Amino acid sequence: LHVDDDGSWESERSWELIAPSGTTLASGQGTDGLDVTTEVCDGLVGEADGGTGEWIFGSEHLADWTLSNSPSAVSYCSSYDLCDLEYVIQTTSMDEPHSSPGSGYCFDFGGPAYNSVTVSVNAWTVTFNMEKEYTFSKWAITGSTHYGFSTATLQYRSGGSWIDVEGSAIAGPVGSDFQYSAGMATITSDKWRVSLTGATHNFQLYICEVVFYAPGPSDAPTPKPTAVPAPR
């Protein structure tokens with residue numbers, strides 16, 4: 001990103017570079033930051049701090065992962081090609097999500113007023129049984145701004161309970177561009193679940209893509225050095 005000084009007034013010279021997660025990566029005000037080039041990672045290959053991890057695409061694990069959902073799909077999902085739960089792991093690239101909300105390649109839950117969903121339903125979930133343990137430190141999701149949700153949270157199975165991953169919540173509305181978690185804890189598990197709450201449409205709720213980030217060695221935080229008393 002290069003910021004020039006074309007603005008006539010200093011008040012025009014205000015800029016921010018914001019990641020999909022909402023984190024401000026760089027900014028400038030007035031003459032600060034003008035005529036300099038700022039390099040940032042786009043977050044699609046690794047972490048901005050030079051991480052060596054990778055995005056895990058479910059499309060590469062269709063034979064190993066088992067997906068399940070609750071509640072059921074809306075009854076007329078087949079009319080729009082929105083019944084196949086495996087659509088949520090069909091993408092092979094962070095640059096071009098496989099899903100296209102409104103034209104197939106999403107999974108369509110019945111919403112809170114749909115006749116097969118009782119008023120007691122307050123979360124729509126997709127469970128990923130991966131058969132082996134994975135360590136994730138970030139995740140991303142796409143959906144539909146019209147048939148959407150207020151919050152998406154990643155959970156993991158521990159003992160007999162589903163536990164929210166700290167820092168995994170992604171606020172809606174979420175459209176066809178990936179939205180990323182920010183500051184998520186690093187967790188290892190073989191069973192994961194995406195929980196959607198706050199449906200924005202009475203009869204339908206779309207979930208379109210889910211991907212996970214497995215950190216590499218250099219993604220780990222640098223430990224703080226232990227203070228050593230000065231010799232007397």
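Scroll up to find the structure this text is about.
So, a few notes on the structure that sits alongside this text. (Residues numbered from 1 in each chain as written. Predicted model: local features only at pLDDT ≥ 70, side-chain atom pairs only at ≥ 80, totals over all residues. Heavy atoms only, no water.)

**Details of the pairing of strand β10 (residues 151-158)**
Pairing of β10 with strand β12 (residues 170-171) involves two bridges; the strand directions are antiparallel. The residue of β12 that forms the bridge with Ala152 is Ile170. Where β10 and strand β14 (residues 187-197) come together, six bridges link them in antiparallel fashion. Counted as the bridge partner of Thr153 is Ser195 from β14. Note: β10 against strand β11 (residues 161-164), four bridges, orientation antiparallel. By the bridge assignment for β11, Tyr156 is matched with Ile163. The hairpin formed by β10 and β11 contains two residues between the paired strands, and Gly159 there has a positive phi angle of roughly 65°. (Pairing = 2+ DSSP bridges. Helix = DSSP H or I, 4+ residues; strand = E, 2+ residues; numbered from the N terminus.)

**Some remarks on the nonpolar core**
Core analysis: the largest hydrophobic core is formed by 33 residues, its most contacted members being Phe128, Trp139, Ile141, Leu196 and Ile207. Put simply, the parts of the chain that give this core at least two residues each are β7 (107-110), β8 (124-136), β9 (138-142), β10, β14, β15 (204-207) and β16 (209-214). Tallying contributions element by element places β8 first for this core, with six residues. (Core = buried A, V, L, I, M, F, W, Y, C linked by side-chain atoms within 4.5 Å. Buried < 20%, exposed > 50% of the residue type's maximum accessible area, 1.4 Å probe, protein only.)

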